[in-house]
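# A closer look at the structure
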Amino acid sequence: MIRAAVITVSDKGSRGEREDLSGPEILRVLETVGAQVVYTAVIPDETDEIARILVECADNVKCDLILTTGGTGVSPRDVTPDATLRILDRTIPGMAEAMRREGALLTPHAMLSRAVVGMRKQALIANLPGSPKGARENLEILLPALRHAIEKIQGDPSDCAGL
């Protein structure tokens, strides 16, 4: 079973000025693949806070999968990718590229995404858009490779040739 964290990054959401709709949408998708969500939070668009929570989820909570939603665009307060890059051991560009490629077929705004995907220790970390629809669509793009990616990150020695 995948142990997951869902982190909503939103200034307004963290202040209670906006209902978090993206986090619950991600939870619904994760439920369909049998993931166990062990950590959720709504935090402000603050680089240090985002980085701190990602490290906490990867290093101490021992999540297999950490999903953020929000802060992936080009606005001055969109700092989620910057915070994520700060704490990653390695990036997985193909997964972020797949989200942008497939997303661009649905909306030209996908080209503005700065989302990153990577790993810290044994956790896969992915930045998803802040809208419920965008978060769901982007997570669904990752789903076919998610379990295999997590297994490999965690040291699965089996051959990939048969896939």
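The structure reproduced in this document is the subject of the present report. What you see as residue numbers is a count from 1 along each chain, following the sequence as written. Under the rules for a predicted model, residues below a pLDDT of 70 receive no local features and side-chain atom pairs below 80 are neither given nor counted, while totals for whole chains, interfaces and linings still include all residues. Water and hydrogen atoms play no part in the side-chain values, which are based on all heavy atoms of the structure.

Take the packing of helix α5 (residues 93-104) against helix α6 (residues 132-153) next. At a minimum axis separation of 9 Å, α5 and α6 run at an interaxial angle of 150°. Taken together, the axes of α5 and α6 are roughly antiparallel relative to one another. At the point where α5 passes α6, the crossing takes the right-handed sense. Two secondary-structure elements touch here, α5 through M95, A98, M99, E102 and G103 and α6 through N138, I141, L142, A145, L146 and A149. Each residue is assigned to one class: nonpolar for Ala, Val, Leu, Ile, Met, Phe, Trp, Tyr, Cys and Pro, charged for Asp, Glu, Lys and Arg, and polar for all the others, Gly among them. A per-class count over the contact of α5 with α6 returns 8 nonpolar, 2 polar and 1 charged. Axis lines are fitted to C-alpha atoms, over the contacting stretch for helices. Their N-to-C directions set the angle, which ranges from 0 to 180 degrees. Under the DSSP-based scheme used, a helix requires at least four consecutive residues in state H or I and a strand at least two consecutive residues in state E, with every element numbered from the N terminus. Throughout, the term roughly parallel applies to angles under 35 degrees, roughly antiparallel to angles over 145, roughly perpendicular to angles from 65 to 115, and oblique to all others. Crossing handedness is defined as follows: a turn of the near helix away from the far one that is anticlockwise and smaller than a right angle gives a left-handed crossing, while the clockwise case is right-handed. Residue contacts are defined here by distance: any two heavy atoms, one from each residue, within 4.5 Å place the two residues in contact.

In this section: the nonpolar core. L30, L65 and L124 are the most contacted members of the largest nonpolar core, which totals 26 residues. Here the element with the most residues in this core is α6; it accounts for 7 residues. Throughout this description, the term nonpolar core refers to a set of buried Ala, Val, Leu, Ile, Met, Phe, Trp, Tyr and Cys residues connected via side-chain atoms within 4.5 Å. The buried label applies to any residue whose accessible area, calculated with a 1.4 Å probe on protein chains only, is under 20% of its type's maximum; exposed applies above 50%, and partly exposed to all values in between.

This part covers the sheet that holds strand β1 (residues 3-9). Read from one edge of the open sheet, 6 strands run β2-β1-β3-β6-β5-β4, paired in mixed fashion. In the strand order of this sheet, the two ends are held by β2 (36-43) and β4 (90-91), each with one partner. Each of β1, β2, β3 (65-69), β5 (117-120) and β6 (123-128) is contacted by helix α3 (residues 47-60), which is oriented at about 165° to β2, the strand it contacts most. Relative to β6, α6 is tilted by about 170°, and along the sheet it contacts β3, β5 and β6. Strand pairing is defined by DSSP finding a minimum of two bridges between the two strands.

Attention now moves to α5. Here the expected span of a helix is defined as 1.5 Å times the quantity of residues minus one. Given a rise of 1.5 Å per residue, 12 residues ought to cover 16 Å, and the 16 Å separating the end C-alpha atoms of α5 matches this to within 8%. Along α5, the residues classified as buried are M95, A96, A98, M99 and G103. Taken end-on, α5 shows its buried residues confined to a sector of 155°, consistent with a single buried face. Think of it as the arc spanned by the lines of direction from the helix axis to the C-beta atoms.

By the criterion of burial, β6 is predominantly enclosed, with 6 of the 6 residues buried. Of the two faces of β6, both are covered, the one formed by A123, I125 and N127 as well as the one formed by L124, A126 and L128. Direction of pairing for β5 relative to β6: antiparallel, over a ladder of 4 bridges. Bridging across to β6, V117 finds its partner in A126. Counted between consecutive antiparallel strands, the loop separating β5 from β6 contains 2 residues, among which K121 sits at a positive phi close to 50°.

A pairing counts as a salt bridge when a side-chain nitrogen of Lys or Arg comes within 4 Å of a carboxyl oxygen of Asp or Glu. Taken as a whole and judged by the stated rule, the model has 12 salt bridges. Across the salt bridge formed by R28 and E25, the nearest N and O atoms sit 2.7 Å from each other. Here the residue R28 and the residue E25 both occupy positions in helix α2 (residues 22-32), the gap between them amounting to 3 residues, near one helical turn. Take R28: its relative accessible area is 48%, and that puts it in the partly exposed class.

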